[in-house]
Amino acid sequence: MKTHFSLSDFDFTLPDELIAQHPAAERSASRLLDGRSSAPVDRRFAELPDLLKAGDLLVLNDTKVVKARLFGQKSSGGRLELLIERVLSLSPDAGHEVAAHMKVSKKPLPGAVMQMDGGFTATLLGRWPNEDGPLYRFALSSDPYTLMESHGHVPLPPYITHSDSADDERRYQTVFAKNPGAVAAPTAALHFDEAVLVQLEERGIQRATVTLHVGAGTFRPVKAEDIADHVMHFERFEVPEATLQAIRDCKARGGRVVAVGTTSVRALESAAKFGPECRDTNIFITPGFEFQVVDLLLTNFHLPKSTLMMLVSAFAGYEHIMALYRHAITRRYRFFSYGDAMLLQRTTP
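Residues numbered from 1 in each chain as written. Predicted model: local features only at pLDDT ≥ 70, side-chain atom pairs only at ≥ 80, totals over all residues. Heavy atoms only, no water.

Novice: Teacher, can you tell me more about the side chain of K67 here?
Specialist: Checked against the element boundaries, K67 lands in the loop between β4 (63-65) and β5 (69-73). Of note is the side chain of K67, whose polar atom sits 2.9 Å from the backbone oxygen of E149. Beyond its immediate sequence surroundings of up to four residues, K67 is in contact with M148, E149, G152, H153, V154, P155 and E169. (Helix = DSSP H or I, 4+ residues; strand = E, 2+ residues; numbered from the N terminus. Polar contact = N/O pair within 3.5 Å; in protein donor to acceptor, adjacent residues only side chain to side chain. Contact = heavy atoms within 4.5 Å.)

Given below as structure tokens:
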């Protein structure tokens, strides 16, 4: 069994046509690769309630994707794009500050005022979270959430090649999205519709929520061949006391904690590792990680050489994950955010 891993271990060749550009016609019509045992089983997502047991606890990420992509221009006329990663303040006295990624041909200097599409301004204040930080701190001319809702675009992942549409605004969002702040959807949860949720409840499967605001760093490629050298991005999260109690109750009755998506895993395992008062996590889950909470994982298929490939390999076993991915490619599963799902069982102690 392999014990030392390099970046190249998590690489695989994926035909471009398997990268889903649009969601399935109906949410629960996606395919589901059942990878709980050594032999993969091809299923439909609508079968999920039959695969879980009464007393299990399904943990969902209730974050809401905001229309965080904004366009504008510098005083020179050059176009720029901002992707708001985090709202830092909502008070006018504090300057409506945000932390954002900036895409522009030549970076402006602090103090520069950008004229944004929609008639508002964004003033560059500097880097964030420090002078060498990867993001930029801006002061917007009014409430960031209102501006994003009125003038923003759905922050579709870089591998989706079309511009955002009204359909994306509806489908790149879970049916239970509640707390705004994510710039990427918790994609494993996109498959749930009201019918599946009702069936889960009827079968006695409990539900609880966490909130983890997914950041654009989830798409950032790992560049270090020695994965121990990779620095993870931070994401804001909260695990409510009600969810912590639901987990304790689930374990006491012999049920299983079923995390919907890697974001739920990151939130639950961060709270277990760092304490429930932790609100910002850069947890890096790689093979050898000792899971304390999650028993089953529902997840989509992830990018080659990504931190999420490392996470699922840590959860279900490296060799098993690579075999499941080979099976998925052979059987023409659809990959990434709008793609199909996979159900995994924890193999680590």
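On we go.
Novice: Sorry if this is basic, but what is going on with the environment of A252 here?
Specialist: Inspection of the secondary structure assignment puts A252 in helix α5 (residues 241-252). Residues A252 and V210, spaced 42 residues apart in sequence, show a C-alpha to C-alpha distance of 20 Å.

Novice: What exactly am I supposed to notice about the sheet that holds strand β15 (residues 280-281) here?
Specialist: Hydrogen bonds between backbone atoms are what pair the strands of a sheet, whose relative direction is either parallel or antiparallel. Spatially, β2-β1-β17-β16-β14-β3-β12-β13-β15 is the arrangement adopted by the 9 strands of the open sheet, whose pairing is mixed. Unpaired on one side and paired on the other, β2 (41-44) and β15 mark the two borders of the sheet. With 3 bridges joining them, strand β14 (residues 257-260) and strand β16 (residues 296-300) adopt parallel strand pairing. Residue pairing in the sheet places V258 in a bridge with L296 of β16. Where helix α8 (residues 318-330) meets the sheet, its contacts fall on β1 (31-34), β2, β16 and β17 (341-345), and the angle it forms with β17 comes to roughly 155°. (Pairing = 2+ DSSP bridges. Axes fitted to C-alpha atoms, helices over the stretch in contact; angles between N-to-C directions.)

Novice: Even after reading the chapter, I still don't get the packing of helix α6 (residues 262-274) against helix α7 (residues 307-316), so can you show me in this structure?
Specialist: Between two packed helices, both the angle of their axes relative to each other and the distance between the axes serve to describe the pair. Between α6 and α7, the least distance of the axes is 11 Å, while the angle of their chain directions is 70°. With respect to α7, the element α6 is oriented roughly perpendicular. In the crossing of α6 with α7, the sense of the turn from one axis to the other is left-handed. Where α6 abuts α7, its residues T262, V265 and R266 lie against L308, L311 and V312. (Parallel < 35°, antiparallel > 145°, perpendicular 65-115°, else oblique. Left-handed = near helix turned anticlockwise from the far one by under 90°.)

Novice: Is there a simple way to think about the environment of T263 in this case?
Specialist: Locating T263 in the fold gives a position in helix α6. Put simply, T263 and F237 are 26 residues apart on the chain and 9.3 Å apart in space, counted from C-alpha to C-alpha. When near neighbours in sequence (up to four residues on either side) are disregarded, T263 contacts N61, P186, L212 and V214. Among the polar contacts made by the side chain of T263, one reaches the side chain of N61 at a distance of 3.0 Å.

Novice: Help me out: how do you make sense of the nonpolar core in this one?
Specialist: General note: in soluble globular proteins, nonpolar side chains tend to be found buried as a group. The biggest cluster of nonpolar side chains holds 69 residues, and the ones touching the most others in it are Y172, L268, F335 and L344. Going through the elements one at a time, β3 (57-61), β12 (206-212), α5, β14, α6, α7, α8 and β17 are the ones with two or more residues in this core. Formed by 24 residues, the second largest nonpolar core is a distinct cluster that contains I84, V104, L147 and V183. (Core = buried A, V, L, I, M, F, W, Y, C linked by side-chain atoms within 4.5 Å. Buried < 20%, exposed > 50% of the residue type's maximum accessible area, 1.4 Å probe, protein only.)

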